[in-house]
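Structure at a glance
Now for the letters of each chain:
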Amino acid sequence: MYPDKHKELKEALRLLNISLRGWSKTLISPNTGKSISHTAVIRVSQGHEETEWIQSEIESIINKAKEQFPEYYKAKGGTTYV
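When you go through the chain residue by residue, the secondary structure sums to 5 helices and 0 strands. Along the chain direction, N to C, the helices and strands of the chain fall in the order α-α-α-α-α. Principal-axis analysis of the C-alpha atoms places the extent of the chain at approximately 40 × 25 × 15 Å. When the 82 residues of the chain are sorted by exposure, 33% land in the buried category. Across the chain, contacts joining residues at least 24 apart in sequence account for 48% of those joining residues at least 6 apart. Carbon together with sulfur atoms contributes 49% to the accessible area of the chain, which is approximately 5300 Å² in total.

The next subject is the environment of threonine 32. Position of threonine 32 relative to the elements: it lies in the loop between helix H2 (20–25) and helix H3 (38–45). A relative accessible area of 55% places threonine 32 in the exposed class. With 14 residues separating them in the primary sequence, threonine 32 and isoleucine 18 have C-alpha atoms 24 Å apart. In this structure the side chain of threonine 32 is engaged in a polar contact, spanning 3.2 Å, whose partner is the backbone nitrogen of lysine 34.

Our focus in this paragraph is the side chain of serine 45. Within the element layout of this structure, serine 45 appears in helix H3. For serine 45, the side chain forms a polar contact with the side chain of histidine 6, separated by 2.7 Å.

Our next topic: the nonpolar core. Counting residues in each nonpolar core, the largest one holds 17 residues, and the members touching the most others are Leu9, Leu13, Leu20, Trp23, Val41, Ile58 and Ile61. Mapped by element, the contributors of at least two residues to this core are helix H1 (5–15), H2, H3 and helix H4 (52–68). With 5 residues, the single largest contributor to this core is H4.

At their nearest, the axes of H1 and H3 sit 8 Å apart, and the two run at 130 degrees to each other. Of the possible angle classes, the one that applies to H1 and H3 is oblique. Taken together, the residues of H3 that come into contact with H1 (itself represented by Lys5, His6 and Leu9) are Val41, Ile42 and Ser45. The residue inventory of the contact of H1 with H3, partitioned by class, reads 3 nonpolar, 2 polar and 1 charged.

What counts, and where the lines are drawn
- Residues numbered from 1 in each chain as written.
- Predicted model: local features only at pLDDT ≥ 70, side-chain atom pairs only at ≥ 80, totals over all residues.
- Heavy atoms only, no water.
- Helix = DSSP H or I, 4+ residues; strand = E, 2+ residues; numbered from the N terminus.
- Buried < 20%, exposed > 50% of the residue type's maximum accessible area, 1.4 Å probe, protein only.
- Contact = heavy atoms within 4.5 Å.
- Areas by Shrake-Rupley, 256 points an atom, 1.4 Å probe, with all protein chains shown as cover.
- Polar contact = N/O pair within 3.5 Å; in protein donor to acceptor, adjacent residues only side chain to side chain.
- Core = buried A, V, L, I, M, F, W, Y, C linked by side-chain atoms within 4.5 Å.
- Axes fitted to C-alpha atoms, helices over the stretch in contact; angles between N-to-C directions.
- Parallel < 35°, antiparallel > 145°, perpendicular 65-115°, else oblique.
- Nonpolar A, V, L, I, M, F, W, Y, C, P; charged D, E, K, R; others polar.

On their own, these measurements won't tell you what the molecule is for.
See the structure below:
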């Protein structure tokens, strides 16, 4: 994850009208079978921890926002796909 990943995640969740805390509760750890904390998501998105499956979920939600709001990302000058 790179430094702007946390910003991208927050932006995607805002566009999708989902709270970070609420979204993180939907993520189930493959190791424990329990939902994870929003703090864990933040730490991964900021690059403090590396958890591959959480990184994958972050990329997935960002891509979902890019698919649903291509005009927003085009206006930003960014790509509409990853």
